[in-house]
Amino acid sequence: MSRAAQPETAPAVEAVGLGKHYGHSWGLQDCSVQVPKGAISALLGPNGSGKTTLLRMVAGFATASAGSVRVLGRAPAQSEEFLASVGYLAQEMPLYRRLNVAEHLELGRRLNRRWDDGAARGRLTALRVPFDRPVATLSGGQRAQVALALAVAKTPDVLLLDEPVAALDPLARAEFLASLAAAAAGTGLTVLLSSHLLRDVEQVCDHVVLLASSRVQLCATTEALVSCHKVLLGPRRGPSGCERSFDVVRATHTERQSRLLVRSPGPALGPSWEVFEADLEEIVLAYMGQGRDGGAIAAGPLSLLSTTGGAR
Amino acid sequence: MNYLTWRLHRNQVVFAAAALVALAALLLVTGTRMAHDYSAALSTCAATRSCGDLSDELFQGDGLVLDFVTAVSIGGPLLLGIFWGAPLIAKEIDEGTHRLVWAQSITRRRWMAAKVGWVLAAAVAWGASMTALVTWWHSPENALYGRLGSGHFDIQGVVPIAYGLFAVALGIVIGTWTGRVMAAAAGVLGGFAAVRALVLLYVRPHYLAPLTARLSLGRAALPGNPWVLSKTLVNAAGHPETVTSTFGYVPAVCHSAVFKGPSALSSCLQAQGYRWLVSYQPASRFWEFQAIEGAIFVILAAALVLLALWRIERADA
């Protein structure tokens, strides 16, 4: 997919120092992130990293304890304009169990000023979802499709999906993501979907936001991530020496060799190092592991990577 | 929202309407018969000048239906609170469907307004139908016993409507806070009973300053079936007697009468100027009391609804 956004366009979602605490612990802390307009972004992080908390605050479902968030320049509020512009699909995909699909579409039509009934009916008909059965009797994949159809038919500008494919089998997952990609194609719809596995959502995402330990660890386009990370293979050295030379994200050592995942290696690499392309999965896993260790990296949060322009 | 509210709650409406029809049938049949018995008894006793004893004779065989109607009238608002108020918000939170509705382009305030508005309107409709029927049904009883006493006051007029509103609002607010239907239902059960009992015992007697009357110690009673709050023995000087020991207050003149039986004692005391000092609320204050108590429960209900709205607008979902 193409580069998500131009530097001059304002981000669709912009959080600054956003935080939320539950009792004495932080569900999300010091989260600053920009989600580009018109792109499908993956919000990645292990369980408990604050993905749901972030999405709920963006959607206006929860209030921030610290910092601020703006969606298309608007702070979340109980106003019809804000609510109409933001779609939110909670993780458990809430639906009225006893109501059938037609009744769900009817309530969506009545509760939204902008409502694309034809598209929702068309999509669900194509997927052969029965309209006249209570949704409790539908399969998990069908329920997910119904919930997605409702969220998309609302025609929001920004669509937030909380772990939409986590509970789906691989086939339903692929169908769901295909529906999502089809709905977003050519509409300028901004999508932010969370997942704890990149592999689950890789096929549709062109931007990655990585949360770990309740902080943003990484925020970049997938292209930029791949292009500015390299895997280095070379003779084993003391870890301190390595980290002084490069920005090491993760180092694994065998007796003879060191394998380093590094960021933006400069030209000063010694001849003893072999350079390989890093793959997206490895990069993301490396950062997730880092967050879990409490941010062992010397460089701290990756402000080096801007969301809009890739590596600078 | 009207569509969704109706779609979600139509079963409750149908069930309540069916119950109302059944109760109406029962009340119409028994009420017609009681009214007939009463007027027949009135014409009979007028001939024999024994109408004062009517209350001892009439409707003795109707105890079961009287108790049943009283129980349903007193319990009705409680059932509204448990079956309509408690699940209204709690069920949505419990099942997570509030996240579906709140993700539509409708503010939480409008969502609450529609749901709460409709359930309160339904509670008024139910309460008004019930109280209209029971008020009519109860009119022979009123003529015999008055309608200010507890058990009579609470099932007719306008207060049953206000009780219903309060019970529903209580269920809504507890459900909003806990997000659990069973907790809200239990809260309604305890909270409604507690507030009703407190008002009945400690607040209602003071709505208006009670009247007092001195009654002779014989059988004389206040006319017009008032609500008697207290009855104290006072001496000729008007001071209440405190009973320090058995017959401790009995003046020396009447000591011999103590052993001749209660009627001899009371006529001796009567002769010495002893009277019953009765504090009471006259039956004519029925509608004033209805208005005051109705207002109390309506204001409580309104406060609870506002509390629930306040909570919903700030709650994290």
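Residue numbers here run from 1 along each chain, matching the order of that chain's written sequence. The lettering of chains begins at A and the numbering of ligands begins at 1, in the order of writing. Note on the predicted model: pLDDT of at least 70 is required for a residue's local features to be given, and 80 or more for side-chain atom pairs to be given and counted; whole-chain, interface and lining totals, by contrast, use all residues. Note that the side-chain values use all heavy atoms of the structure and ignore hydrogens as well as water.

Peer 1: I keep staring at the overall build of chain A and nothing clicks. Help me out?
Peer 2: What counts as a helix is a DSSP run of H or I of at least four residues, what counts as a strand is a run of E of at least two, and both are numbered from the N terminus. From N to C terminus, chain A includes 10 helices and 15 strands. Using a 1.4 Å probe on the protein chains alone, a residue whose accessible area is under 20% of its type maximum counts as buried, one over 50% counts as exposed, and one in between counts as partly exposed. Across the 312 residues in chain A, those meeting the buried criterion constitute 53%. Partitioning the intrachain contacts of chain A with sequence separation of at least 6 by distance along the chain shows that 69% fall at a separation of at least 24. Contacts between residues were defined by any pair of non-hydrogen atoms, one from each residue, lying within 4.5 Å.

Peer 1: Before we go on, may I ask you to explain the nonpolar core in this structure?
Peer 2: For soluble globular proteins, nonpolar side chains are generally found buried alongside one another. Buried residues of nine kinds, namely Ala, Val, Leu, Ile, Met, Phe, Trp, Tyr and Cys, make up a nonpolar core once their side-chain atoms join them within 4.5 Å. If you look at the biggest cluster of nonpolar residues, it comprises 152 residues, and the most contacted ones within it are A:Leu44, A:Val101, A:Leu160, A:Val191, A:Leu193, B:Val101 and B:Trp111. Among the elements that line this core, the one with the most residues is helix α5 (residues 108-137) of chain B, at 12 residues. Apart from residues lying up to four places away in sequence, A:Val101 is in contact with A:Leu124, A:Val129, A:Pro130, A:Phe131, A:Arg133, A:Val135, A:Leu138 and A:Val146. Within the second largest apolar cluster, 11 residues are counted, among which are B:Leu233, B:Tyr249, B:Leu265 and B:Leu269.

Peer 1: Which parts of the structure should I look at to understand the domain arrangement of chain B?
Peer 2: A common way to state how big an interface is: give the accessible area lost once the parts meet. All names here are of chain B. Per the annotation, domain bounds derive from an automatic or database assignment of domains. Here chain B is partitioned into domain 1 (2-49 + 59-208 + 286-314) and domain 2 (211-281). Each of domain 1 and domain 2 has a C-alpha centre, and the two are 42 Å apart. Buried area: the accessible surface (1.4 Å probe) lost by two parts on joining, summed over both. Together domain 1 and domain 2 conceal approximately 600 Å² of surface at their shared face, both sides included; 61% is due to carbon and sulfur atoms. It is Leu148, Pro205 and Phe289 in domain 1 that bury the most area against domain 2; as a group they hold 55% of the surface buried on that side. Put simply, a salt bridge is a Lys or Arg side-chain nitrogen that is within 4 Å of an Asp or Glu carboxyl oxygen. At the surface where domain 1 touches domain 2, the tally comes to zero salt bridges. Think of a polar contact as two N or O atoms within 3.5 Å of one another; within protein, one of them needs to be a possible hydrogen donor and the other a possible acceptor, and neighboring residues in sequence only count if both atoms come from side chains. Scanning the region where domain 1 abuts domain 2 turns up two residue pairs in polar contact (both at pLDDT 80 or more). No other element matches the four residues that helix α6 (residues 139-145) contributes to the side of domain 1 that touches domain 2. Residues are grouped as follows: nonpolar covers Ala, Val, Leu, Ile, Met, Phe, Trp, Tyr, Cys and Pro; charged covers Asp, Glu, Lys and Arg; every other residue, Gly included, is treated as polar. For the side of domain 1 that touches domain 2, the class distribution of residues is seven nonpolar, three polar and one charged.

Peer 1: Would you take a moment to explain a nonpolar patch on the surface for this structure?
Peer 2: A surface patch of nonpolar side chains, about 420 Å² in accessible area, is lined by B:Leu198, B:Leu201, B:Tyr202 and B:Val203. Locating B:Leu201 in the fold gives a position in helix α8 (residues 181-203). Candidates for patches are residues over 30% relative accessible area with no salt bridge; among them, like charges are joined within 9 Å and nonpolar side chains (Val, Leu, Ile, Met, Phe, Trp, Tyr) within 5 Å. For the area figures, the Shrake-Rupley method with a 1.4 Å probe applies, and any residue is considered shielded solely by the protein chains shown.

Peer 1: Quick question: what am I supposed to make of the pattern of salt bridges here?
Peer 2: Any two side chains of opposite charge can pair, given that their charged atoms come close. In this structure the tally under the stated criterion is 17 salt bridges over all chains. Taking the shortest distance from any N to any O, the salt bridge between A:Arg113 and A:Glu80 comes out at 2.4 Å. Of this pair, A:Arg113 sits in the loop between α3 (101-111) and α4 (117-126) while A:Glu80 sits in helix α2 (residues 80-85), placing them 33 residues apart in sequence. For A:Arg113, a relative accessible area of 73% translates into the label exposed. Here A:Glu92 ties to B:Arg99 by a salt bridge, and the two come within 2.3 Å at their closest N and O atoms. A residue pair is termed interchain when its members come from two chains, as with A:Glu92 in the loop between β5 (86-89) and α3 and B:Arg99 in helix α4 (residues 98-102). With relative accessibility at 42%, the residue A:Glu92 sits in the partly exposed group. A single salt-bridge network, built from bridges that share partners, covers B:Asp154, B:Arg196, B:Arg204 and B:Glu293.

Peer 1: I keep staring at the state of the cysteines and nothing clicks. Help me out?
Peer 2: By definition, a disulfide is the covalent link that joins the sulfur atoms of two cysteine residues. Residues and elements named next belong to chain B. Two cysteine sulfurs form what is called a disulfide whenever their separation falls within 2.5 Å. For the structure on display, the rule yields one disulfide over all chains. Bridging Cys254 to Cys268, the disulfide has an S-S length of 1.9 Å. Taking the sign of the S-S torsion, -90° for the link of Cys254 and Cys268, the bridge is left-handed. Note that Cys254 is positioned in the loop between β2 (227-234) and α9 (255-258) and Cys268 in helix α10 (residues 262-271), a separation of 14 residues in sequence. On the basis of relative accessible area, Cys268 is assigned to the buried category, the value being 16%.

Peer 1: What exactly am I supposed to notice about helix α7 (residues 159-178) of chain B here?
Peer 2: Each turn of an α-helix holds 3.6 residues, which means side chains three or four residues apart point in the same direction. All names here are of chain B. Between its terminal C-alpha atoms α7 stretches 28 Å, which fits the 28 Å expected from 20 residues at 1.5 Å a residue. Among the 20 residues of α7, 17 are classified as buried, and the element is accordingly described as predominantly covered. Of the residues trailing α7, Gly179 is marked for its positive phi of about 70°. One less than the number of residues in a helix, times 1.5 Å, gives the span that helix is expected to have.

Peer 1: What is the right way to look at the interface of chain B and chain A in this model?
Peer 2: Every contact between the two is made by 23 residues of chain B and, on the other side, 31 residues of chain A. Buried area between chain B and chain A, both sides added, is near 2,600 Å², and the carbon and sulfur share of it is 56%. A per-residue breakdown of the area chain B buries against chain A is headed by B:Tyr3, B:Leu100 and B:Ser105, which together make up 26% of the total. The tally of links from chain B across to chain A stands at four salt bridges. A:Glu103 is paired through a salt bridge with B:Arg7; the nearest N and O atoms lie 2.6 Å apart. Inspection of the chain B/chain A interface yields 13 residue pairs in polar contact (both at pLDDT 80 or more). Among the secondary structure elements, those contributing two or more residues to the side of chain B that touches chain A are α1 (2-48), α3 (63-95), α4 and α5 of chain B.

Peer 1: Sorry if this is basic, but what is going on with the packing of aromatic side chains here?
Peer 2: Each aromatic ring pair is summarised here by two numbers: the centre-to-centre distance and the angle between the ring planes. Residues and elements named next belong to chain B. Stacked, tilted and edge-to-face pairs are distinguished by plane angle, under 30 degrees for stacked and over 60 for edge-to-face with tilted covering the rest, among Phe, Tyr and Trp rings (Trp via its six-membered ring) whose centres lie within 6.5 Å. In total, this model carries 10 aromatic pairs over all chains according to the counting rule given. Measuring from centroid to centroid gives 4.9 Å for Tyr163 and Phe297, while their planes differ by 80°, and the two rings are edge-to-face. Within this pair, whereas Tyr163 is found in helix α7, its partner Phe297 is found in helix α11 (residues 286-314), the two being separated by 134 residues in sequence. Judged by its relative accessible area of 0%, Phe297 is buried. A network of ring pairs unites the aromatic residues Tyr163, Phe166, Phe192 and Phe297 as a single cluster. Definition used: whenever NZ (Lys) or CZ (Arg) falls within 6 Å of the ring centre and also within 35 degrees of the ring normal, the charge is taken to sit over that ring. Its guanidinium or amino end placed over the ring of Tyr163, Arg196 lies 4.0 Å from that ring's centre, counting from NZ or CZ. The ring of Trp276 carries Lys231 above its face, with NZ or CZ at 5.1 Å from the centroid.

Peer 1: Please explain the sheet that holds strand β2 (residues 25-35) of chain A as it appears in this structure.
Peer 2: Two modes of strand pairing occur in sheets, parallel and antiparallel, and in both the strands are linked by backbone hydrogen bonds. Residues and elements named next belong to chain A. Criterion used throughout: strands pair if DSSP finds at least two bridges between them. Spatially, the three strands line up as an open sheet ordered β2-β1-β4, and their pairing is antiparallel. Two strands close off the open sheet at either side, each with one partner strand: β2 and β4 (66-71). Adjacent strand axes in the sheet meet at a mean angle of 25°, parallel and antiparallel pairs treated alike. The pairing of strand β1 (residues 13-22) with β4 spans five bridges and is antiparallel. Paired with Ala15 across the two strands is Val69, which belongs to β4. Fitted lines through C-alpha atoms give the axes, limited to the stretch in contact for helices. The angle between two N-to-C directions lies from 0 to 180 degrees. Across the face of the sheet, helix α1 (residues 51-59) comes into contact with β1, β2 and β4 while running at roughly 115° to β1.

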